[in-house]
Amino acid sequence: MAVAPIVSSYNDKIRPLLDAVDKLRYLKVMEEGIQLPTIVVVGDQSSGKSSVLESLAGISLPRGQGICTRVPLIMRLQNHSVSETELSLEFNGKTLQTDETRIIEDIVAATDEIAGNGKGISHAPLTLLVKKQGVPDLTMVDLPGITRVPVKGQPEDIYEQISNIIFQYIQPKESIILNVLSATVDFSTCESIRMSQRVDRTGERTLAVVTKADKAPEGLLEKVTADDVNIGLGYVCVRNRVGDETYEEARVEEAKLFESHPLLSKIDKSIVGIPVLAQKLVQIQAMSISRSLPDIVKTINLKLSNNVSELNKMPQNLSSIAEAMTAFMRIIGLVKESLRKVLIRGEYDEYPDEENMHCAARLAEMLNQFYDDLHSSRNEFHHAGDFLMEEIRILEETKSIGLPNFLPRTAFLAILQRHMKTISGAPITFVRAVWTFVGDVVIRVLMFHSENYPQLQSSMRRAANGLISKVMENSVDHVIEIVEMEKMTDYTCNPNYMTCWNKLMCQLDMFLEVVGDVYKGNKVKLEVFGEVEIGHLRKHGSVVREAFDLKMRMTAYWKIVLRRLVDGLALHLLFSLDKLVNRDMEMEIVSEMMGPTGGGIEHMLEESPSVVEKRKRLNKSIKLLKDSELVLTRIMDRIHLLD
């Protein structure tokens, strides 16, 4: 006699879809970061979780004190067309056929093999396939019951271990959480509720099944209708199987209980009984799979395409020195072109999101900041309180027997040299900062283009560091030479010098007038310098005129010096960068590779362990994704035939 099914087939399309998801799970597609729609069963210890699953599957599961489920148990229920029940377990890469008389013993033995003898737990899953007449087409993952206090034989951190497994399964938005609650407890105190609320605050993917309704009927109606704990998919109240009742007898007794009990009969019939629970789960599962499958197909195709592309970019095994030399020169060519882009042409299409690799822009910013810092240094030479005193002191020390109103050139050079000495360290600091930045960029590009040949990278890094050090010291020597040249003499053909000096000297008469008249105050406002004190100058007589002239000459000339210094450094750096990229770097790397510490090009013939491992990983991933793609294609073809 055929057994009446717990739930009628929801749709002929659901079984193929569920088969597809089960096969993808078997292929371990989740290891590729592809989340599958999953009904995850959670509950506090002794909440009646095993009883619910037994009622849905129509078979007995391990029970007892403490944690019965010590590994994730993937239960695949399939409604069978024949009366004979078929049971099998899949774990550790093997399949074990079993039957209803041995299923508990075999689950325990398989769990011990996975998680070890004792009471420890494991993340490795155990799959139970149930083909039985009358069961709903469902796949669920039963997780260890939540316990806070370890018992004898359990690790001290048992709660943390269980929590980690549970969150691993309920965190993905594709997971449907079946939260098993005992009617005998306050729902808000259940640890399983707290966990599900952390990942599903609104409850939109949480369904609650309330067990032991016959043990605590008082107030149950209010608890499931008030919904104080945000169960978005609703509640289903059930009665646990008692004693030696068959599953059919348990269903009859459950129906009588919710039909005739004075309190439980008031609960709406749409949320009571195992058949209702099965129907809800099948419908929720169907909607979840239908909603997720297009994204799964898209993600699998994208990952497959990316992995194939990455594998194709990996180097072929090199079998001769000629092949190795060709590969080596190709790397050098790619490096040079990338550096031309980022350092010389200002193109950054290869590194769009890495601002530090937008080198032309960063170098321009560094140069502008250097000029601003130099320009602001003039404030160190102009003190409003002792205006012209430096010039007066130097004029006093450089005066000689001769005609008046001639400015001694030695005075001008003395001030110029003092100014240059003050800023002489700044250009050196600047070029060191520039070449440090360029060095980081060169290493970044070298490592990127040689990542498939890690055996080359130490030599390339050493060559690049050595080259940058040489170029940096050359630039420092160049800067020192420029500074010494500026200190040695005063010269410019820039007409801005005379223009600026004449403009500043237009203020001389007004300035001398204020200095010569004590009634006009002790301050005067000058262009470039702002408001300055002049009271202290009245005792210095005619030398004030010469000091003012000297000050204005130096002010006009100093602008020329600073601009000339910055312009010269900019040209030097651009020339040095071009020389480094187009000539020096290749020569330095080849020299290093062929030298006693480089190891030679023949090192490229030895494929590194990391490359071997990467190739192996990509091939494994591609095979898995292709198998997954094939599974989905066949399932879609089956569905189209049903249309």
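Note that this is a predicted model, so its numbers are computed, not measured.

The rules behind each value
Sequence order sets the numbering: in each chain, residues are counted from 1 along the sequence as written. Local features are withheld for residues below a pLDDT of 70 in this predicted model, meaning they are given only at 70 or higher, and side-chain atom pairs are given and counted only at 80 or more; totals for whole chains, interfaces and linings count all residues. Side-chain numbers here rest on the full set of heavy atoms in the structure, without hydrogens or water. Interaxial angle, 0 to 180 degrees, is taken between N-to-C directions of lines fitted to C-alpha atoms, where a helix line uses only the stretch in contact. The numbering of helices and of strands both runs from the N terminus, where a helix is a DSSP run of H or I of at least 4 residues and a strand a run of E of at least 2. Each angle receives one of four descriptions, namely roughly parallel if under 35 degrees, roughly antiparallel if over 145, roughly perpendicular if within 65 to 115, and oblique otherwise. Should the near helix be turned counterclockwise from the far one by less than a right angle, the crossing is left-handed, whereas a clockwise turn marks it as right-handed. In what follows, residue pairs with any heavy atoms lying within 4.5 Å of each other are defined as contacts. Classification used: nonpolar for Ala, Val, Leu, Ile, Met, Phe, Trp, Tyr, Cys and Pro, charged for Asp, Glu, Lys and Arg, polar for all others including Gly. Criterion used throughout: strands pair if DSSP finds at least two bridges between them. Within 6.5 Å between ring centres, the rings of Phe, Tyr and Trp (the latter by its six-membered ring) count as paired, and their orientation is classed by plane angle as stacked under 30 degrees, edge-to-face over 60, tilted in between. Residue exposure (1.4 Å probe, protein chains only): buried if accessible area is under 20% of the type maximum, exposed if over 50%, otherwise partly exposed. Any Lys or Arg side-chain nitrogen found within 4 Å of a carboxyl oxygen on Asp or Glu counts as a salt bridge. Definition of nonpolar core: a set of buried residues of the types Ala, Val, Leu, Ile, Met, Phe, Trp, Tyr and Cys, connected through side-chain atoms within 4.5 Å.

**Some words on the packing of helix α11 (residues 389-398) against helix α12 (residues 409-423)**
Here α11 crosses α12 at 130 degrees, and the two axes come no closer than 9 Å. Considered as vectors, α11 and α12 are oriented oblique to each other. Once α11 is placed against α12, the crossing between them reads as right-handed. Here Glu390, Glu391, Ile394, Leu395 and Thr398 of α11 come into contact with α12, specifically with Thr410, Ala411, Ala414, Ile415, Arg418 and His419. Residue classes in the contact of α11 with α12 are distributed as five nonpolar, three polar and three charged.

**Here's the deal with the sheet that holds strand β2 (residues 73-79)**
Note: strands within a sheet are paired through backbone hydrogen bonds, in either parallel or antiparallel orientation. On the basis of which strands lie adjacent, the open sheet formed by nine strands has the order β4-β3-β5-β2-β6-β1-β7-β8-β9 and mixed pairing. Each of the sheet's edge strands pairs with one partner strand only, and the pair in question is β4 (94-98) and β9 (235-237). Geometrically, the sheet is characterised by an average inter-axis angle of 25 degrees between neighbouring strands, direction not taken into account. In terms of strand pairing, strand β1 (residues 38-43) meets strand β6 (residues 138-142) through three bridges, oriented parallel.

**Looking at the packing of aromatic side chains**
Taken as a whole, this structure holds eight aromatic pairs when the rule is applied. Consider the rings of Phe187 and Tyr235, whose centres lie 6.1 Å apart with planes at 20 degrees: the pair is stacked. With Phe187 in the loop between β7 (175-182) and α5 (191-199) and Tyr235 in strand β9, this residue pair connects regions lying 48 residues apart in the sequence. We note that Phe187, like Tyr235, is buried. Grouped by ring-pair contacts, the aromatic residues Phe387, Phe511, Phe529 and Phe548 constitute a single cluster.

**Thoughts on the pattern of salt bridges**
Under the defined criterion, the tally for this structure stands at 38 salt bridges. Here Asp99 ties to Arg102 by a salt bridge, and the two come within 3.5 Å at their closest N and O atoms. The class for Arg102 is partly exposed, based on a relative accessible area of 33%. Across the pair Glu350 and Lys341 runs a salt bridge, and its minimum N-O distance is 3.5 Å. Of the residues examined, Glu350 reaches a relative accessible area of 32% and is grouped as partly exposed. With relative accessibility at 16%, the residue Lys341 sits in the buried group. Several salt bridges share partner residues, and in doing so they unite Glu337, Arg340, Arg345 and Glu347 into one network.

**Some remarks on the pairing of β6**
With five of five residues buried, β6 lies mostly within the body of the structure. Burial along β6 is two-sided: Leu138, Met140 and Asp142 and Thr139 and Val141, pointing in opposite directions, are all buried. With five bridges joining them, β2 and β6 adopt antiparallel strand pairing. Each residue of the ladder has a partner; that of Ile74, found in β6, is Val141.

**Focus on the environment of Val272**
In this fold, Val272 is placed in the loop between α7 (247-260) and α8 (274-313). On the basis of relative accessible area, Val272 is assigned to the buried category, the value being 8%. The sequence separation of Val272 and Ala213 amounts to 59 residues, and the corresponding C-alpha distance is 9.7 Å. Among residues more than four places away in sequence, those in contact with Val272 are Val236, Cys237, Phe258 and Ile267.

**Overview of the nonpolar core**
Ranked by internal contacts, the top residues of the largest apolar core, which has 95 residues, are Leu339, Leu343, Val438, Phe511 and Leu537. In terms of residue count, helix α17 (residues 543-594) provides more of this core than any other element does, 24 residues in total. Ignoring sequence-local partners within four residues, the contact set of Val438 consists of Leu343, Leu363, Ile468 and Leu577. By size, the runner-up hydrophobic cluster in this structure holds 39 residues, among which are Ala57, Val71, Leu178 and Val209.

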